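Topology and contacts: notes
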Amino acid sequence: MGQGVRWCIDVDIKKYFDTIDHGHLRDFLNRRVTDGVIRRMIDKWLKAGVLEEGRLHRPTAGSGGVVSPCLSNVYLHYVLDEWFERDVRPRLKGRAILVRYADDLVMAFENFLDAKRVLAVLGKRLARYGLTLHPDKTRFIDFRFKRPKGTSHPAADGTTFDFLGFTHVWGKSKKGINVVRQVTAKGRFARALESVTDWCRHNRHRSLTDQHAHLSEMMRGHYAYYGVTGNGRRLRWYANQVGRIWKKWLSRRDRQGAFTWNRFNEFLKRHPLPPARIVHRYAAVSEALS
């Protein structure tokens, strides 16, 4: 909100973890890792085969086994992070930022032409190291909160973007201030409820207290991640749906009759589920939203 970056590139790398080039990865590791024991161990991970349908397949690309997240992060550090700081940023007219977690990344620019220029060369940069931009999931976002006639730029693919499970969208605070809100992405919201449904379906035979304890842990875990300032409504939706899902599967425990809402509500009075709560409060945003 404070830097004025309004043109975003939501980057998606096609099959990233399967297409990491081992030759380039070893070159990157040679710049920082000098311990021979560690290097030999990494090489063993990279050379380890995959057993599929009784056949041993030894891939020549991709990151290896349990060390995959670490090696993948090293790879993009040199392919994207250093390139952006060393070669891209000095050539831009306006401000720009790159935020990355593993292979999930977003670039944001103050100047429209800067964003288009970077998008034009980004695919070439990745191709140089054996990577490919996903043609459908990589999107150019018009993230201005004031758009002419309320429509997005014709070159843009949308006005919101998802990053790390949150949909980022402009909204109004209670004081009428334009603020960026982070709300649970629809896909993640559906996946969270699907997980609750799956657990309730397979564990409805357990005692009510055991089910209550497990569902409470699931809800607290959900709030611990998605409980950010401005996401209260989605959290309340989640809490409400968890109760409905649980009641539904309790009604299917046996053939003696449905687990009525009256009975369910009486149980919740004695053993309430954790209410929706904001865990992570951002001072600047919190003040604006109050």
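Residues numbered from 1 in each chain as written. Predicted model: local features only at pLDDT ≥ 70, side-chain atom pairs only at ≥ 80, totals over all residues. Heavy atoms only, no water.

**Some words on the environment of Lys14**
Quick note on the threshold: Going along the chain from the N terminus, every DSSP run of H or I of four or more residues is numbered as a helix, and every run of E of two or more is numbered as a strand. What makes two residues a contact is simply this: any of their non-hydrogen atoms within 4.5 Å.
Within the secondary structure, Lys14 sits in the loop between strand 1 (7–11) and helix 1 (22–32). Considered as a pair, Lys14 and Leu25 are 11 residues apart in the sequence and their alpha carbons are 18 Å apart. Each residue touching Lys14, except ones within four places of it in the same chain, is listed here: Thr19, Thr132, Leu133 and His134.

**Quick word on the environment of Val33**
The line we're drawing: The classification of residues rests on relative accessible area computed with a 1.4 Å probe and restricted to protein chains. Under 20% of the type maximum is buried, over 50% is exposed, and intermediate values are partly exposed.
When you line up the elements, Val33 lands in the loop between helix 1 and helix 2 (36–47). Judged by its relative accessible area of 22%, Val33 is partly exposed. With 102 residues separating them along the chain, Val33 and Pro135 place their C-alpha atoms 35 Å apart.

**Digging into the packing of aromatic side chains**
For the record, the criterion: Two rings from Phe, Tyr or Trp (for Trp, the six-membered ring) form a pair when their centres sit within 6.5 Å of each other. Planes less than 30 degrees apart are called stacked, planes more than 60 degrees apart edge-to-face, and all others tilted.
Taken as a whole and assessed by the stated rule, the structure comprises 18 aromatic pairs. Measuring from centroid to centroid gives 4.9 Å for Trp7 and Phe112, while their planes differ by 75°, and the two rings are edge-to-face. On the criterion of sequence distance, the pair formed by Trp7 in strand 1 and Phe112 in helix 4 (residues 112–127) is long-range, its members being 105 residues apart. Seen from their ring centres, Trp261 and Phe264 are 5.7 Å apart, and the 75° between their planes marks the pair as edge-to-face. Here Phe264 and Trp261 lie together in helix 8 (residues 261–270), a separation of three residues that amounts to about one turn. With relative accessibility at 37%, the residue Trp261 sits in the partly exposed group. Among the residues examined, Phe264 registers a relative accessible area of 1% and is labelled buried. Joined through ring pairs, the aromatic side chains of Phe28, Tyr75, Tyr78 and Tyr129 make up one cluster.

As far as function goes, none of this settles anything; it's purely spatial.
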